[in-house]
Amino acid sequence: MVVNALLGLLGILFIYYLIFYVRDLVAHKGDWGEGNVPINLFIGFITNFLDTLGIGSYATTTMLLGVTKQLKSDKLLPGTLNVADTIPVLIEAFLFISVVEVESVTLFSLIIAAIVGAVIGGKTVPNLSEKKVQTYLGFALLITALLMLGKQLGLMDFLGTGNTAMGLEGPKLILAVVLNLIFGALMTIGCGLYAPCMAMVYLLGLNPIVAFPVMMGSCAALMPVASKEFIVAGVYARKVSVLIALSGIVGVIIAAKLVQSMDLNLLTWLVIIVVIYTAFMYIRKGLKNPGNAAQ
């Protein structure tokens, strides 16, 4: 019942987004801007393939678009990222929510918490020092990754064993809701939800695959609304977004099959690698960020 409601909500958001997107593309028929077809199809496939594995797509897409010089202005980057990846992320959410048997109250609670966090964060989190948030989150993820690694190697029995649970209850559920709300809020300053969510799910004793419907459902609920604003303002690269979305769908479907067929041990190692990668990425961004002395 809860899962069907979530899928219905995502379906409504998809239609909402699609109405604005298609209407804008039709209104600008013949004027979609520039963009190399093979290059953008490759970018869409590889970045959304990696996104489905939990690595995320924004950083890799930004890098590849920059290297290949596909955008005439960096002003178009935020809108292009959101608009191009909305459909692939929605498909990710549908695939994992439909297939992964997560306890419905846990799934619903965590997705709603992330959405609420993003709404609150849009008004409050940007006032925090981005440099400090990036650096602290990076080190926190690195420590978490080391704990996960120790647990995987059997060196930290106090963290429990198994990681087979598909749902939470009581204090653990409350803690997870609070943490995912924070992760949702941090998304508003560019701190991705994927890696922190993966780490949280693992350390609370859940099966690592539970992170996939949670994190993808959270982002899928947010992106259509954000994308609509960029579409209405016309601040995105139309041709590039279409090409990335089309090949991104293929990348998502192939990667989803891979993740769903992984055994628990391989999936756990994938999660650890993603968390370590993200930790160093945030630490690097934080150290390079000039910051603001007033903050």
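Above this text sits the structure in question.
Report on the accompanying structure. The residue numbers shown here count from 1 along each chain, following its written sequence. Totals for whole chains, interfaces and linings use every residue, but because this is a predicted model, local features are given only for residues with pLDDT of at least 70 and side-chain atom pairs only at 80 or more, for both listing and counting. Calculated side-chain values reflect all of the structure's heavy atoms, with hydrogen atoms and water omitted.

Counting from the N terminus, the helices are the DSSP runs of H or I reaching at least four residues and the strands are the DSSP runs of E reaching at least two. Scanning the protein chain from terminus to terminus reveals 11 helices and zero strands. When the helices and strands of the protein chain are read in sequence order from the N terminus, they spell out α-α-α-α-α-α-α-α-α-α-α. Relative accessibility under 20% of the residue-type maximum defines a buried residue, over 50% an exposed one, and the middle range a partly exposed one, all with a 1.4 Å probe and only protein chains included. Looking at the protein chain as a whole, 50% of its 295 residues qualify as buried. Two residues qualify as a contact provided that any one of their heavy atoms is within 4.5 Å of a heavy atom in the partner residue. For the protein chain, the proportion of contacts with a sequence separation of at least 24, taken over those separated by at least 6, is 86%. The Shrake-Rupley method, run with a 1.4 Å probe sphere, supplies the accessible areas, and residue values consider only the shown protein chains as cover. Entry remark: accessible area of the protein chain is about 13600 Å², with carbon and sulfur atoms responsible for 70%. For the purpose of charge, His is not counted, nor are the chain termini; Lys and Arg are scored as positive and Asp and Glu as negative. For the purpose of locating charges, the reference atoms are NZ of Lys, CZ of Arg, CG of Asp and CD of Glu. Averaging the locations of the 17 positively and 14 negatively charged side chains of the protein chain gives two centres separated by 10 Å.

Whenever a helix is involved, its axis is fitted only over the stretch in contact; in every case the axis is a line through C-alpha atoms, and angles between N-to-C directions fall within 0 to 180 degrees. At a closest axis distance of 11 Å, the pairing of helix α1 (residues 2–27) and helix α4 (residues 77–99) adopts a crossing angle of 165°. When the axis of α1 is compared with that of α4, the two are roughly antiparallel. In this structure, α1 meets α4 at a crossing whose hand is left-handed. Where α1 approaches α4, its residues V3, L7, L10, G11, F14, Y17, L18 and Y21 are matched on the opposing element by V83, T86, I87, L90, A93, F94, I97 and S98. By the convention adopted, Pro, Cys, Tyr, Trp, Phe, Met, Ile, Leu, Val and Ala count as nonpolar, Lys, Arg, Asp and Glu as charged, and the other residues, Gly among them, as polar. Looking at the contact of α1 with α4, its residues break down into 13 nonpolar, three polar and no charged. If an angle is under 35 degrees, it is roughly parallel; if it is over 145, roughly antiparallel; if it lies from 65 to 115, roughly perpendicular; otherwise it is oblique. Crossings are classed by handedness, with left-handed meaning an anticlockwise turn of the near helix from the far one by less than a right angle and right-handed meaning a clockwise turn.

When you line up the elements, T86 lands in helix α4. Any pair of nitrogen or oxygen atoms within 3.5 Å is treated as a polar contact; in protein, a donor-acceptor pairing is required on top of that, and neighbouring residues in sequence qualify only through side-chain atoms on both sides. A distance of 2.6 Å separates the side chain of T86 from the backbone oxygen of N82, its partner in a polar contact. Apart from the residues within four sequence positions on either side, T86 is in contact with Y17, M223, P224 and S227.

If you look at the biggest cluster of nonpolar residues, it comprises 63 residues, and the most contacted ones within it are L10, C197, M198, M200, F212, M215 and V275. The contacts of M200, once residues within four sequence positions are left out, are L110, A176, L179, N180 and F183. Here, nonpolar core means buried Ala, Val, Leu, Ile, Met, Phe, Trp, Tyr and Cys residues that are tied together by side-chain atoms lying within 4.5 Å of each other. The next biggest cluster of nonpolar side chains, apart from the first, holds 12 residues, and it includes L64, L65, L77 and V235.

Once that is clear, we can look at the packing of α4 against helix α10 (residues 238–261). Contact pair α4 / α10: the axes reach a minimum separation of 8 Å and the direction vectors enclose 25°. Here α10 runs roughly parallel to α4, going by the angle between their axes. The crossing of α4 and α10 is right-handed. Here T80, V83, A84, D85, I87, P88, I91, E92, L95, F96 and V99 of α4 lie close against α10, whose contacting residues are V240, S241, I244, A245, G248, I249, V252, I253, A256, V259 and Q260.

Mapping L193 onto the fold places it in the loop between α7 (170–186) and α8 (194–203). Judged by relative accessible area, L193 falls into the buried class, the value being 1%. Linking L193 and G56, residues 137 residues apart in sequence, is a C-alpha distance of 9.1 Å. Sequence-distant contacts of L193, defined by excluding residues within four places in its chain, comprise A114, N180, F183, G184, M187, M215 and S218.

What follows deals with the pattern of salt bridges. The salt bridge definition used is simple: a Lys or Arg side-chain nitrogen within 4 Å of an Asp or Glu carboxyl oxygen. Evaluated as defined, the whole model comprises two salt bridges. Between R238 and D24 there is a salt bridge, with its nearest N and O atoms 2.7 Å apart. With a gap of 214 residues between them, R238 in helix α10 and D24 in helix α1 connect regions that are remote in the sequence. A single burial state applies to R238 and to D24, both of which are buried. With a closest N to O distance of 3.4 Å, K228 and E229 form a salt bridge.

With that settled, the discussion passes to α1. Expected helix span is given by 1.5 Å per residue-to-residue step, counting one fewer step than there are residues. If you check α1, its first and last C-alpha atoms are 38 Å apart, about what 26 residues at 1.5 Å a residue would give, namely 38 Å. Regarding α1, the residues found buried are L6, L7, L10, L13, Y17, F20, Y21, D24 and L25.

Relative to the helices and strands, L270 resides in helix α11 (residues 264–288). As for L270 and L53, which are separated by 217 residues in sequence, their C-alpha atoms are 8.0 Å apart. Discounting chain neighbours no more than four positions away, the residues touching L270 are L53 and M262.

We now examine the side chain of D51. Locating D51 in the fold gives a position in helix α2 (residues 37–52). Under the relative-accessibility criterion, D51 is labelled buried at 3%. Here Y194 takes part through its side chain, which lies 3.1 Å from a polar atom of the side chain of D51. Dropping the residues within four chain positions of it, D51 is found in contact with G56, S57, V89, E92, Y194 and M216.

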